[in-house]
Amino acid sequence: MPSDHIPALVNFHMHLFASYRLRESRQRPHSSNLTQLFQIQLFSGEFWYLVIYLSAGCSLLFGDCFSTQRVINESETVGDACYQIDSVGCDLQFQKSLTMVIKEGQEPVVFTIEKFGNFSVGSIQIILKASFSYYTFLRSFS
């Protein structure tokens, strides 16, 4: 990302928080942020700010998950590619190394988020499904 876009992103982010603080100050004292989210009028300026903000966050998460998924997919092909090498007549050390790579290539690479879980496209699908389920469940009460 070019560094000249950073001030525009910071201004957008600050404007978004300022609009939420203004909306929060107009609400009843005991209302929560979740109920405020459901009170946003559809297709208003605040609605579009929220859509853009959430889309940006999801696209960053998806970009990371997509990249890790590509590494996982490529790591699964390493063992097969090494198996296809004709190592007859090669150096014994090379043959041992090749055998080790084939053995290690049988286990796919796994990216984890600390002790939380695996990080791949499948994990973002689970997160998005759960988020939408919670949203529709909570929306049914308002």
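Scroll up a little and you will see the structure.
Everything numeric here is computed off the predicted structure, so don't read it as measured data. The residue numbers shown here count from 1 along each chain, following its written sequence. Residue-level local features of this predicted model are given only where pLDDT is at least 70; pairs of side-chain atoms are given and counted only at 80 or more, and the full residue set underlies all totals for whole chains, interfaces and linings. Side-chain numbers come from the whole structure's heavy atoms, not from hydrogens or water.

Observations concerning the overall build of the protein chain
Turning to step 1, where the next piece is worked out: Under the DSSP-based scheme used, a helix requires at least four consecutive residues in state H or I and a strand at least two consecutive residues in state E, with every element numbered from the N terminus. Looking only at helices and strands, one finds five helices and two strands in the protein chain.
Turning to step 2, where the next piece is worked out: Relative accessibility thresholds used throughout: buried, under 20% of the residue-type maximum; exposed, over 50%; partly exposed, between the two (1.4 Å probe, protein chains only). Residues counted as buried form 18% of the 142 residues belonging to the protein chain.

What to know about the environment of Val-109
Turning to step 1, where the next piece is worked out: With respect to the helices and strands, the residue Val-109 is situated in the loop between helix H4 (92-105) and strand E1 (112-113).
Turning to step 2, where the next piece is worked out: Given the relative accessible area of 35%, Val-109 is considered partly exposed.
Turning to step 3, where the next piece is worked out: Counting along the chain gives 40 residues from Val-109 to Gln-69, while the straight-line C-alpha distance between them is 9.5 Å.

Looking at the packing of helix H3 (residues 45-83) against helix H5 (residues 121-139)
Turning to step 1, where the next piece is worked out: For helices, the fitted line uses only the C-alpha atoms of the stretch in contact; every axis is such a line through C-alpha atoms, and the angle between N-to-C directions lies from 0 to 180 degrees. Running from N to C, H3 and H5 point in directions that differ by 150°, and their axes come no closer than 8 Å. Judged by the angle between their axes, H3 and H5 are roughly antiparallel. The segment H3 lies against H5, with Cys-58, Leu-61, Phe-62, Cys-65, Phe-66 and Gln-69 engaging Val-121, Ser-123, Ile-124 and Leu-128.
Turning to step 2, where the next piece is worked out: By the convention adopted, Pro, Cys, Tyr, Trp, Phe, Met, Ile, Leu, Val and Ala count as nonpolar, Lys, Arg, Asp and Glu as charged, and the other residues, Gly among them, as polar. Looking at the contact of H3 with H5 residue by residue, the classes come out as eight nonpolar, two polar and no charged. By definition in this entry, angles of less than 35 degrees are roughly parallel, angles greater than 145 are roughly antiparallel, angles of 65 to 115 are roughly perpendicular, and the rest are oblique. Only heavy atoms enter the contact rule, under which two residues are in contact if any of them lie within 4.5 Å.

Describing the packing of H3 against H4
Turning to step 1, where the next piece is worked out: Two elements in contact, H3 and H4, have axes separated by 8 Å at closest approach and are oriented at 145°. Crossing of H3 over H4 shows left-handed handedness. Together, Ser-75, Val-78, Gly-79, Cys-82 and Tyr-83 of H3 and Leu-98, Val-101, Ile-102 and Gly-105 of H4 make up the contact between the two elements.
Turning to step 2, where the next piece is worked out: Here the residues of the contact of H3 with H4 sort into six nonpolar, three polar and no charged. Left-handed describes a crossing in which the near helix is turned anticlockwise from the far one by less than a right angle; the clockwise case is right-handed.

Topic: the packing of aromatic side chains
Turning to step 1, where the next piece is worked out: Any two of the Phe, Tyr and Trp rings considered here, Trp counted by its six-membered ring, make a pair once their centres fall within 6.5 Å; the pair's planes then place it as stacked at under 30 degrees, edge-to-face at over 60, or tilted in between. Summed over all chains, the structure comprises four aromatic pairs.
Turning to step 2, where the next piece is worked out: An aromatic cluster is present here, built from Phe-43, Phe-47 and Trp-48 joined pairwise through their rings.

Some words on H5
Each turn of an α-helix holds 3.6 residues, which means side chains three or four residues apart point in the same direction.
Turning to step 1, where the next piece is worked out: The span expected for a helix works out to 1.5 Å for each residue beyond the first. Relative to the 27 Å expected for 19 residues at 1.5 Å per residue, H5 spans 27 Å between its end C-alpha atoms, a close match to the ideal helical length.
Turning to step 2, where the next piece is worked out: Of the residues making up H5, those classed as buried are Val-121, Ser-123 and Ile-124. Buried residues along H5 cover an arc of 155° about the axis, so they all sit on one side. Residues of H5 that are exposed and point more than 90 degrees away from the buried face comprise Ile-126 and Lys-129.
Turning to step 3, where the next piece is worked out: Looking at the buried residues of H5, the elements they touch are H3 and strand E2 (117-118). This arc describes the spread of directions from the helix axis toward the C-beta atoms.

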